[in-house]
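# Geometric and topological summary
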Amino acid sequence: MEKALIRNGEIGDPMNRVDGRLKVTGAATYSGEYELPNLVYAVLVTSTIAKGRIKSIDTKQAERAPGVLAVISHLNSPKVPGFAQHDHPTEPATGGQPLRVFNSDRIYSNGQPIAVVMADTFERALYAASLVKAQYDKEQHQTDFKANTGRAVVPSQAKKNPSMADYTRGQADAYKTAAIKLEEEYVMPTEVHNPMELQTIIAHWEAADKLTVYDKTQAVKGTQKAFAEDWDIPVENVKVITKFVGGAFGNGLHTWPHETAAIIAAKKVNRPVKLMLTREQMFFMVGYRPYTWQKIGMSATADGKLTGITHEAMGQTSSYEEFTESTVQQSKMMYASPNVTTRYRILPLDVSTPIWMRGPGEATGAFALESAMDEMAFALNLDPLEFRLLNYTETDPEKNLPWSTKYLKECLEMGAEHIGWNKRSMKPGAVRAGEWLVGYGMGVGTFGANQRMAQARARLLTDGAVLIQSATTDIGPGTGTAMTQIAADTLGMPPEKIIFQLGDSAFPHSPSQGGSSTVSSVGSAVRAACIALKQKLQELGGTAFSTAKPEDIVIKDGQISLAGDASAKVVYADLLKEQNMPEVEVMVEAKPDEERKNYSMYSFSVHFVEVHVHPVTGVVRVNKIVSCADAGTIVNEKTAGNQMIGGAVGGIGMALMEEAVIDHRFGRYVTKDLAEYHVPVHADIPAVKVFFVNKPDFHVNPMGTKGIGEIALIGMAPAVANAVFNATGKRIRHLPITPDKLI
Ligand code: MOS
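Residues numbered from 1 in each chain as written. Predicted model: local features only at pLDDT ≥ 70, side-chain atom pairs only at ≥ 80, totals over all residues. Heavy atoms only, no water.

### What about the sheet that holds strand 24 (residues 498–501)?
An order of 24-23-22-28 is seen for the four strands of this open sheet, with the pairing classed as mixed. Both edges of this open sheet fall to strand 24 and strand 28 (584–590), since each of them pairs with a single strand only. Within the sheet, the average angular offset between the axes of one strand and its neighbour, ignoring direction, is 15 degrees. Relative to strand 23 (residues 466–469), strand 22 (residues 454–460) runs antiparallel, the two sharing four bridges. From the neighbouring strand, Arg459 faces strand 23, where its bridge partner is Leu467. Across the sheet, helix 11 (residues 518–541) is in contact with strand 22, strand 23, strand 24 and strand 28; its angle to strand 28 comes to roughly 140 degrees. (Pairing = 2+ DSSP bridges. Helix = DSSP H or I, 4+ residues; strand = E, 2+ residues; numbered from the N terminus. Axes fitted to C-alpha atoms, helices over the stretch in contact; angles between N-to-C directions. Contact = heavy atoms within 4.5 Å.)

Following this line, the structure appears as structure tokens:
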């Protein structure tokens, strides 16, 4: 691949967010904040059983309540044409089918929507929803993971997708016959994304076959396609608007029942309908990180060379949809073990469908693998950092390919220095700070450096600004800011002259914002669009420009000129007049390069933490965090650093607090708000120091970026767990590490 054309200082600058002012002043419009005339408010009524059928549903009282326009259940719902087709395609492509809301009397999980009430105010809809009474024919539900492990299956996707199938390198289960071995089980509880912004949709049928939604999603194009298929209307008849997202972490990577419920409701009353989930509904309607059981078997030689890793994982899914994630991936490629076995299973339960949650399966898998690495290092009396270096691999042992780039060693060195790893004692509990036990731990993370097809349009406006559009979203990382910098850098223009627009399905195609791939995918399209714009201006500029290189084209002060050639100069307004064009515009598509196939491409991270544990109360304070990442080129040091800090916060939550709990008598979550489901607050978070290797990887894409979002979190929870062990000698293999487990 060619290298980035111009490096005028824009890429890498810790530029402030282009939409920061809008966000902090409340001027940013989130999905629930559009003022539509005749807006109606909808509130969902949800099932109180986990499995069975609705015997009867009484909506009369609700219908008579003040302000109520209609109540919809499976008895009177307008039919969704796409629900008749069995193989309803979805984004993401999961096996099975998303819940078909109000399509039958069947109940698949506790909290499933059974009715929606519409009223002229939210409060009246909420009150009327409380008046809907349902009776059920209950069936025995299964929500208890531990009691049902025997029902786990190989995901059906494994037939088509080898990464989901069982994997063996060398000898299967080699650890079993080794002299030095360990075999331990690890549990990741269900975690819930819990973004600040509640999932909200405003659905508006502008005509019988024309739908507009203002929707919280990470995929405007994917959502557009899903709704077009649901309603059997042309894709271009569906408009999805998502200008701002108040955090998502993965739960906007799927379309959910509440969205279709609102669209059905809007159809019924023929008015725009706004539906905002309650915080409680966020626990069971928009996905979650699935409860996952894992077992690691590991063996090594006395001098610290791994001889075998076996990684088994079993994750929860729903009864109607097959959710999978790459839980065992890191065990296949991170260490130079000659023998590796992985087995991945899913366990269908009577629950709603999980979805990717930041760092998805890899974060779960890294908790098991990186904890086991620490356990093995301890058993061998080796420093865990040294143990990792002893098993470092310079090529991908899974794919037998060279890494496109791998600067994990640099990360390990930087991190060790900045945390003060030399203060760590091999002996647990040996370091104290007053009455607190002090421990140091580390955890390594990795995630594929993916790129997906994306398009972008670039237009040189008559006022001298360049307008760029692509249908991506920004769930928080600062996508608009990064794209502005990439455009400014490529065009050689100040960022103030770039207008980047996203979050509208009418814009050129972008993939969903997920899997740490937006800068790689959309950024490549934006860059290509800027180059194409210069080429187009060069062509239109005529002979004076004919031998120039696109990077020498200068767009400034209403003129197109050539760097280093004063004679080549065209006034843009004259050019447009001459060409009889309103403005010069280009549209491009950027696709992953074929050359990518010759390399194995990953971002890498390592997290070092210092914890203080109180020996009497078991309270764990994370005192210091150093996160180091090899994520290729860093487009914006500030927003990239923000992502790393956010990942560290998520990792502390995962390690110490987060756990969604089901009362299995009812198959219903008892954690239903942020008082019971604990997330870290400011007082739980120390200063997080972030370091980037910041070396480009031009095999991945022409900007050299590899992706940050996931590796910010992956490896953080085991780093904390390992530090807790170093402080206390107590190995906690079932997250979260709450004080009761330490006393
Ligand atoms: Mo993320 S789990 O790719 O939103």
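### What about the packing of helix 13 (residues 637–656) against helix 14 (residues 716–728)?
Following both chains from N to C, one finds helix 13 and helix 14 inclined at 55 degrees, their axes separated by 8 Å at the closest point. Between helix 13 and helix 14, the angle is such that the two are oblique. As for how helix 13 packs across helix 14, the hand of that crossing is right-handed. For the pair helix 13 and helix 14, contact is made by Ala648, Gly651, Ile652, Met654, Ala655 and Leu656 and by Met716, Ala717 and Val720, respectively. (Parallel < 35°, antiparallel > 145°, perpendicular 65-115°, else oblique. Left-handed = near helix turned anticlockwise from the far one by under 90°.)

### A look at the pattern of salt bridges
Scanning the entire structure with this criterion turns up 25 salt bridges. Linking Glu191 and Arg289 is a salt bridge whose minimum nitrogen-to-oxygen distance equals 2.8 Å. Taken together, the residues span a long stretch of sequence, with Glu191 in the loop between strand 9 (181–188) and strand 10 (200–207) and Arg289 in the loop between strand 13 (273–276) and strand 14 (292–300) at a distance of 98 residues. Arg289 carries the same exposure label as Glu191, and that label is buried. Across the pair Lys597 and Glu594 runs a salt bridge, and its minimum N-O distance is 2.9 Å. Three or more residues are tied together by salt bridges with common partners; here these are Glu184, Asp374, Glu375, Arg731 and Arg733. (Salt bridge = Lys/Arg side-chain N within 4 Å of Asp/Glu carboxyl O. Buried < 20%, exposed > 50% of the residue type's maximum accessible area, 1.4 Å probe, protein only.)

### A closer look at the sheet that holds strand 10
Ordered in space as 3-6-1-13-10-11-12, the seven strands form an open sheet in which the pairing is mixed. Either end of the sheet is taken by a strand with one partner, and the two such strands are strand 3 (68–73) and strand 12 (238–241). Between one strand axis and the next, the sheet turns by 20 degrees as a mean value, whatever way the strands run. Judged from the three bridges that link them, strand 1 (residues 40–46) and strand 13 form a sheet pairing that is parallel. Bridged to Val40 within strand 13 is Val273. Across the sheet, helix 4 (residues 220–231) lies against strand 10, strand 11 (210–215) and strand 12, angled at about 145 degrees from strand 12, the strand it touches most.

### What to know about unusual backbone geometry
That bond from Leu735 to Pro736 is cis: its omega, -5 degrees, falls within 30 degrees of zero. Relative to the helices and strands, Pro736 is located in the segment after helix 14. Phi at Asp232 takes a positive value of approximately 55 degrees, unusual for a residue other than glycine. Note on placement: Asp232 falls in the loop between helix 4 and strand 12.

### A closer look at helix 11
In an α-helix, one turn spans 3.6 residues, which is why side chains three or four residues apart end up on the same side. Taking 1.5 Å per residue, 24 residues should reach 34 Å; helix 11 reaches 33 Å between its end C-alpha atoms and fits that length. Helix 11 sits mainly inside the fold: 18 of its 24 residues count as buried. Gly542 sits one or two positions beyond helix 11 and adopts a positive phi of about 85 degrees. (Expected span 1.5 Å × (residues − 1).)

### Regarding the side chain of Gln281
On the secondary structure map, Gln281 appears in the loop between strand 13 and strand 14. With a relative accessible area of 8%, Gln281 lands in the buried category. Aside from chain neighbours lying at most four places away, what touches Gln281 is Leu44, Thr46 and Met276.

### A few points about the environment of Val45
Relative to the helices and strands, Val45 resides in strand 1. In this structure, the C-alpha to C-alpha distance between Val45 and Val117, residues 72 residues apart in sequence, is 7.5 Å. Excluding its chain neighbours within four sequence positions, the residues that come into contact with Val45 are Gln112, Pro113, Ile114, Ala115, Val117, Ala129 and Val132.

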